[in-house]
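# Residue-level structure breakdown
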Amino acid sequence: MLRRRHFLLAAGALFVRTATAAESRIRDLRTLSVVPNTVDEIKRMYDQSRDFSAELIQEEEPLEVKTFAPFLTKLDEIEAKKKGLPNASTRRHVLSVGLEMMTDDQKQLPMLSRNQILGYLKEHFVSIQARVYRDPISRGLYLGPRCLAATRSMRSSNLTLSFTGTVAESVGNIRSFGLLLPERTPPTPSNLRTLVLVHRNQLQGAVPKTNYEYLFIRAHASGPDQLELHAFATSDERTKLHWLNPAMNPKLPSDCSVRGAVAFTEYSQQGLYPKNAVVRRTLTTGKKSFAWDSVEKHARESFGRPAMDSITQILDAIIAGEIQESKAVMTPIDRGAVSTTGN
């Protein structure tokens, strides 16, 4: 009888541990319940998200860290002193960003440094990365609320390089709004797998216009200790949505998932090297593209609410092939893109 009682107690303890693991809640994360839709709403939240700009990876680090570790950056160590040891995490390359220049802006470059500037843009890319955390109790995987960024040569080893001032400034225009967690949804690992980012750029025109485009990172479980990451981007003032190609290491600027056309507005070192820049426009290369009107129609017919209020379900429907690609945006998105070679 005593042995049977011990067995029951042990079984009960096992059940409690399993139930606790299944109900793990992740605390102290930046989350949002609704994705802002209007320009004013986006601008307001963007301005409030300065502390969640893309975190820069230092030079001579591996492009990715695929094994779980307690610290990935200096900021991790600083925050650990305030909040305690974080859950172990990895960082994953999700999409590549190339920088180039429009023809008219190339003509404004200093003659003495022109080739050097264009050569740098042609040979380097920025890796936008997601952090994947592992809960120590349930071992469930979830995304971190802040994205990371590294820069690397397209022709060199796997180690990262240091950022130039203008590239760092451009990357700093990518900010995180947090992990999407609808109201009354528990913060469990499986519910923390949609990261909402916004990139600010300056549209070209007679009157400059500040534009905001969304980047979404959606994670799906793909095996033990594995998440498959999908990247999406809006364009044309959020009137199109693109499912970007899987992460890869580009060999040319045209291989990048997103390409930003930059213009330099200020120079240093006797006017030879860029100090400040604006992004004129962004071009995307993706698997599929969708007019936002068709995305909105699918959301209202399938979920009974606007697309931004059901963006996780929309992204999952695109991945599952349940939304038809829009013919109107199937032509090459980067048509009219310019070369950074100066030819």
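Check the entry above for the structure.
Given the structure is predicted, the values throughout are model-derived calculations rather than measurements.

So, how was this worked out
Residues numbered from 1 in each chain as written. Predicted model: local features only at pLDDT ≥ 70, side-chain atom pairs only at ≥ 80, totals over all residues. Heavy atoms only, no water. Salt bridge = Lys/Arg side-chain N within 4 Å of Asp/Glu carboxyl O. Helix = DSSP H or I, 4+ residues; strand = E, 2+ residues; numbered from the N terminus. Buried < 20%, exposed > 50% of the residue type's maximum accessible area, 1.4 Å probe, protein only. Pairing = 2+ DSSP bridges. Contact = heavy atoms within 4.5 Å. Axes fitted to C-alpha atoms, helices over the stretch in contact; angles between N-to-C directions. Arc of directions from axis to C-beta.

### Here's the deal with the pattern of salt bridges
Tallied over the full model, the rule gives 14 salt bridges. As a salt-bridge pair, Asp 76 and Arg 131 come within 2.9 Å of each other at their nearest N and O atoms. With Asp 76 in helix α3 (residues 74–83) and Arg 131 in strand β5 (residues 124–134), this pair connects stretches of sequence that are 55 residues apart. Taken as a pair, Asp 76 and Arg 131 share a single burial class, namely buried. In this structure, Asp 316 engages Arg 218 in a salt bridge whose closest nitrogen and oxygen atoms are separated by 2.8 Å. Taken together, the residues Asp 316 in helix α8 (residues 311–319) and Arg 218 in strand β10 (residues 209–223) connect sequence positions 98 residues apart. Asp 316 gets classed as partly exposed once you look at its relative accessible area, which sits at 23%. Owing to a relative accessible area of 11%, Arg 218 belongs among the buried residues under this scheme.

### Brief notes about the sheet that holds strand β8 (residues 174–180)
Read from one edge of the open sheet, seven strands run β1-β8-β9-β10-β11-β12-β15, paired in mixed fashion. Of all the strands in the sheet, the pair left with one neighbour each is β1 (31–32) and β15 (286–291). Relative to β10, strand β9 (residues 194–203) runs antiparallel, the two sharing 10 bridges. Bridging from a neighbouring strand, Leu 197 pairs with Leu 215 of β10. Across the sheet, helix α2 (residues 39–47) is in contact with β1, β8, β9 and β10; its angle to β8 comes to roughly 100 degrees. Here helix α7 (residues 292–303) sits on the sheet in contact with β12 (240–244) and β15, set at roughly 75 degrees to β15.

### A look at α2
When we look at burial in α2, the residues that qualify are Ile 42, Met 45 and Tyr 46. The buried residues of α2 occupy one face: seen down the axis, they fall within an arc of 105 degrees. Lining the buried residues of α2 we find β1, β8, β9 and β10.

### Notes on the pairing of strand β7 (residues 148–153)
Burial analysis of β7 places six of its six residues in the buried class, the great majority of the element. The alternating pattern of β7 places Leu 148, Ala 150 and Arg 152 on one face and Ala 149, Thr 151 and Ser 153 on the opposite face, and all of these are buried. Taken together, the two bridges between strand β2 (residues 55–56) and β7 define a ladder with parallel strand orientation. The partner of Leu 56 across the bridge, within β7, is Ala 149. Pairing geometry for β5 and β7, over six bridges, is antiparallel.

### A short note on the pairing of β9
Counting buried residues along β9, eight of its 10 residues qualify, which places the element largely inside the surrounding structure. Pairing of β8 with β9 involves five bridges; the strand directions are antiparallel. When the sheet's bridge partners are listed, Gly 178 is paired in β9 with Val 196.

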